[in-house]
Amino acid sequence: MKFMDRFTKPSNEDWFVELLGSWRIWLIGAVIGALLGFGFKQIFPGEYTAVATVVIDHNVEQVLPIGRDTDRFLYFARETRKLNALAWSDDVIEKLAAAVPGFTVEGLREEYLDLTPPGDGEWHFVAYHAEAKTAKKLAKNWAMSFVDVLIESTEVSLELEELRAG
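The structure displayed is predicted, hence computed values, not measured ones.

### As for the overall build of the protein
Part 1 of the argument: Within the protein, the secondary structure is distributed over seven helices and three strands.
Part 2 of the argument: For the protein, the proportion of its 166 residues judged to be buried stands at 25%.
Part 3 of the argument: In the protein, once contacts between residues fewer than 6 apart in sequence are set aside, the share between residues at least 24 apart is 63%.
Part 4 of the argument: Within the structure as shown, the protein displays about 12,600 Å² of accessible surface, and the carbon and sulfur contribution to it stands at 61%.

### So, the packing of aromatic side chains
Part 1 of the argument: Going through the model one piece at a time under the given rule, you end up with six aromatic pairs.
Part 2 of the argument: Summarising the aromatic geometry, the rings of Phe-40 and Phe-44 are spaced 5.0 Å apart at their centres and angled 50° between planes, so their arrangement reads as tilted. The same class applies to Phe-40 as to Phe-44, namely exposed.
Part 3 of the argument: Through a chain of ring-to-ring contacts, three or more aromatic side chains come together here, namely Trp-88, Trp-123, Phe-125, Trp-142 and Phe-146.

### Quick look at the sheet that holds strand S1 (residues 48-55)
Part 1 of the argument: Spatially, three strands are ordered S1-S3-S2 in an open sheet, and the strand pairing comes out antiparallel. Either end of the sheet is taken by a strand with one partner, and the two such strands are S1 and strand S2 (113-115). Between one strand axis and the next, the sheet turns by 20° as a mean value, whatever way the strands run.
Part 2 of the argument: With three bridges joining them, S2 and strand S3 (residues 122-129) adopt antiparallel strand pairing. Bridge pairing links Leu-113 to Ala-127 in S3.

### Remarks on the packing of helix H5 (residues 90-99) against helix H6 (residues 105-112)
Part 1 of the argument: At a minimum axis separation of 9 Å, H5 and H6 run at an interaxial angle of 100°. The pairing of H5 with H6 is recorded here as roughly perpendicular in orientation. Where H5 approaches H6, its residues Asp-90, Ile-93, Glu-94, Leu-96 and Ala-97 are matched on the opposing element by Val-105, Leu-108 and Arg-109.
Part 2 of the argument: Of the residues that constitute the contact of H5 with H6, the class distribution is five nonpolar, no polar and three charged.

### Section: helix H4 (residues 69-87)
Part 1 of the argument: With 19 residues, H4 ought to run about 27 Å at 1.5 Å a step, and its terminal C-alpha atoms sit 27 Å apart, in line with that.
Part 2 of the argument: Every buried residue of H4 is listed here: Tyr-75, Glu-79, Leu-83, Leu-86 and Ala-87. For H4, the buried positions fall inside an angular range of 100° around the axis, keeping them on one side. Among the exposed residues of H4, those oriented more than 90 degrees off its buried face are Phe-73, Leu-74 and Arg-81.

### Section: the pairing of S3
Part 1 of the argument: Pairing geometry for S1 and S3, over eight bridges, is antiparallel. In the sheet register, Val-54 faces S3, and the bridge partner there is Trp-123.
Part 2 of the argument: Linkage of S2 to S3, two consecutive antiparallel strands, is achieved through a turn of six residues, within which Asp-120 is found at a positive phi near 55°.

### Brief notes about the side chain of Asn-141
Part 1 of the argument: For Asn-141, the position within the fold is in helix H7 (residues 132-165).
Part 2 of the argument: By relative accessible area, Asn-141 is classed as buried at 12%.
Part 3 of the argument: Leave out the neighbours within four places in its chain, and Asn-141 touches Leu-96, Ala-99 and Val-100.

Definitions and cut-offs
Residues numbered from 1 in each chain as written. Predicted model: local features only at pLDDT ≥ 70, side-chain atom pairs only at ≥ 80, totals over all residues. Heavy atoms only, no water. Helix = DSSP H or I, 4+ residues; strand = E, 2+ residues; numbered from the N terminus. Buried < 20%, exposed > 50% of the residue type's maximum accessible area, 1.4 Å probe, protein only. Contact = heavy atoms within 4.5 Å. Areas by Shrake-Rupley, 256 points an atom, 1.4 Å probe, with all protein chains shown as cover. Phe/Tyr/Trp six-rings, centres within 6.5 Å; stacked < 30°, edge-to-face > 60°. Pairing = 2+ DSSP bridges. Axes fitted to C-alpha atoms, helices over the stretch in contact; angles between N-to-C directions. Parallel < 35°, antiparallel > 145°, perpendicular 65-115°, else oblique. Nonpolar A, V, L, I, M, F, W, Y, C, P; charged D, E, K, R; others polar. Expected span 1.5 Å × (residues − 1). Arc of directions from axis to C-beta.

See the structure below:
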């Protein structure tokens, strides 16, 4: 290579060849990046998210067979508030804490659990934890506790319906 050839602009082919020729730098960068990512994940592990879904049908046709749409919206809003209060109630959370040892009621409410707003009757019980198994166990048992307490509370109203009819 002559002295003056160093100051001329390289062609596109030369630039591409030089880029491909520096594969060692790309390989070293990839290995360092992978090691840094692995180290970061080991130092700061992420949380796992588990979701359990419960579908609730309000049977609005049986409750309000004839009525205005506003009555139905008010009925849905009232029932949604009741179910939301039930999901976060002491009965449900205490039952969950008993089913999954090592958690307190306050800790579950503040750190590990979340309830998404219901849509089309689907209630999503969300649990967060550093271990996937524990997150799944929390979400599943929270949903099951909710359903158990809901069934227990509706059995009373079924008895009342029988007394009214009878």
